[in-house]
Amino acid sequence: MKPTREEALALLLEYNSSDALIKHAFAVEGVMKHFASLYGEDEEKWGVIGLLHDLDYEKYPDEHCKKCVEIMQDKGIDEEYIHGVACHGWGLCSDVEPVERMEKVLYTIDELTGLINAACLMRPSKSVLDIELKSVKKKYKTPSFAAGVDRSVIENGCSILGVELDYIITETINGMRKCAEEIGLKGNI
């Protein structure tokens, strides 16, 4: 089965109630759809995989990226979607390597959306709509800022995608702007 956005959202909400995790899922979904549009790929598919990427995190944090495989298999979801979700934790909590471009993008932008979210909340506007690359790069280079964000994953992702960090940051911001209201980062603009 290739879940629709509505089916994926229902599944996400079945396993998650945390507002922060749900907004993170929406942010990753939005960024994945944005990158799919840049690469001429299936936006719905990339978005659904982004939406489901942390499906198991709230209820099974110690089995993250493993329990989601079981859950998705039980629901009859296509292996392509399962692999896409499972590989975003490659080297951290999963030994499933990202192979397809979609998987590499998810691996790269997952942590980055968290850093950009934190950077936006530090701004007077509390918005992603007016944040620029320069501001994010300054925060990125400060290890104590959003210390839980593993920058080596982002940098490794850029390497396996063959793109520059500035490009990934800029396009991740652009993707988050498209869903600013849904992710709580419209701010007071």
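All of the points below concern the structure found in this document. Treat the numbers as computed from the prediction; the structure is a model and nothing was measured.

The next subject is the overall build of the protein. Helix and strand counts for the protein stand at 9 helices and 0 strands. Against the 2.2 N^0.38 benchmark of 16 Å for 189 residues, the protein shows a C-alpha radius of gyration of 15 Å, consistent with a compact globule. On the principal axes, the C-alpha backbone points of the protein span a range of 45 × 35 × 35 Å. Taken over 189 residues, the protein has a buried fraction of 49%. Once local pairs closer than 6 in sequence are excluded, the contacts in the protein between residues at least 24 apart make up 67%. In the form shown here, the protein has an accessible surface area of approximately 8,700 Å², with 50% of it arising from carbon and sulfur atoms. Between the centroid of the 22 positive side chains of the protein and the centroid of its 34 negative side chains there is a distance of 9 Å.

Moving on, we come to the packing of helix α7 (residues 133–140) against helix α9 (residues 165–177). Relative orientation of the contacting elements α7 and α9 amounts to 115 degrees, with a least axis distance of 10 Å. Regarding α7 and α9, the two cross each other, and that crossing is right-handed. Contacts from Leu 133, Val 136, Lys 137 and Tyr 140 of α7 reach α9 at Leu 165, Asp 166, Ile 169, Thr 170 and Ile 173. Across the contact of α7 with α9, the residue classes tally to 6 nonpolar, 1 polar and 2 charged.

Right, let's talk about the environment of Asn 156 for a bit. Mapping Asn 156 onto the fold places it in helix α8 (residues 151–161). Separated by 15 residues in sequence, Asn 156 and Lys 141 place their C-alpha atoms 16 Å apart. If we ignore the near neighbours within four places in the chain, the residues touching Asn 156 are Trp 90 and Tyr 107.

Here we come to the layout of surface pockets. Size it by volume and the largest pocket reaches roughly 490 Å³. Those elements that provide at least two residues to the lining of the largest pocket are α2 (19–39) and α6 (101–121). Split into classes, the residues belonging to the lining of the largest pocket amount to 8 nonpolar, 8 polar and 4 charged.

A word on the pattern of salt bridges. Per the stated rule, a full pass over the model turns up 11 salt bridges. Between Arg 5 and Glu 182 there is a salt bridge; the shortest N-O distance is 3.2 Å. Remark: Glu 182 occurs in the segment after α9 and Arg 5 occurs in helix α1 (residues 5–15); sequence separation between them is 177 residues. Close ionic contact of Lys 67 with Glu 70 constitutes a salt bridge, the shortest N to O distance being 2.9 Å. Residue Lys 67 and its partner Glu 70 are both found in helix α4 (residues 67–74); the two are separated by 3 residues, about one turn of the helix. Three or more residues joined by partner-sharing salt bridges are found here, namely Arg 5, Glu 29 and Glu 182.

Turning to the packing of α6 against α8, a few remarks are in order. Direction vectors running N to C along α6 and α8 enclose 150 degrees, while the axes themselves pass 9 Å from each other. Classified by the angle between their axes, α6 and α8 sit roughly antiparallel to one another. For the crossing formed where α6 meets α8, the hand is left-handed. Facing α6, whose interface residues are Arg 101, Lys 104, Val 105, Tyr 107, Thr 108, Glu 111, Leu 112 and Leu 115, α8 presents Arg 151, Val 153, Ile 154, Asn 156, Gly 157, Cys 158, Ile 160 and Leu 161. For the contact of α6 with α8, the per-class residue count stands at 9 nonpolar, 3 polar and 4 charged.

Our next topic: the environment of Asn 117. Along the chain, Asn 117 turns up in helix α6. The class of Asn 117 is partly exposed, set by a relative accessible area of 26%. Between the C-alpha atoms of Asn 117 and Gly 30, which are 87 residues apart in sequence, the distance is 13 Å. Those residues in contact with Asn 117 that sit more than four places away from it in its chain are Met 176 and Leu 185.

The next point concerns α6. In this model, α6 (21 residues) spans 30 Å end to end at C-alpha, consistent with the 30 Å of a helix rising 1.5 Å per residue. Of all bends in α6, the biggest is about 30 degrees, found at Ile 109.

Rules behind the numbers
- Residues numbered from 1 in each chain as written.
- Predicted model: local features only at pLDDT ≥ 70, side-chain atom pairs only at ≥ 80, totals over all residues.
- Heavy atoms only, no water.
- Helix = DSSP H or I, 4+ residues; strand = E, 2+ residues; numbered from the N terminus.
- Rg over C-alpha atoms; globule rule 2.2 N^0.38 Å.
- Buried < 20%, exposed > 50% of the residue type's maximum accessible area, 1.4 Å probe, protein only.
- Contact = heavy atoms within 4.5 Å.
- Areas by Shrake-Rupley, 256 points an atom, 1.4 Å probe, with all protein chains shown as cover.
- Lys, Arg positive; Asp, Glu negative; His and termini not counted.
- Charge placed at Lys NZ, Arg CZ, Asp CG, Glu CD.
- Axes fitted to C-alpha atoms, helices over the stretch in contact; angles between N-to-C directions.
- Left-handed = near helix turned anticlockwise from the far one by under 90°.
- Nonpolar A, V, L, I, M, F, W, Y, C, P; charged D, E, K, R; others polar.
- 1 Å grid on protein atoms, 1.4 Å probe; cavity = no way out; pocket = protein on both sides within 12 Å on 5 of 7 lines; lining within 4 Å.
- Points joined across faces, edges and corners; volume = space filled by probe spheres on them.
- Salt bridge = Lys/Arg side-chain N within 4 Å of Asp/Glu carboxyl O.
- Parallel < 35°, antiparallel > 145°, perpendicular 65-115°, else oblique.
- Expected span 1.5 Å × (residues − 1).
- Bend = angle between axes of the 7 residues up to and from the residue.

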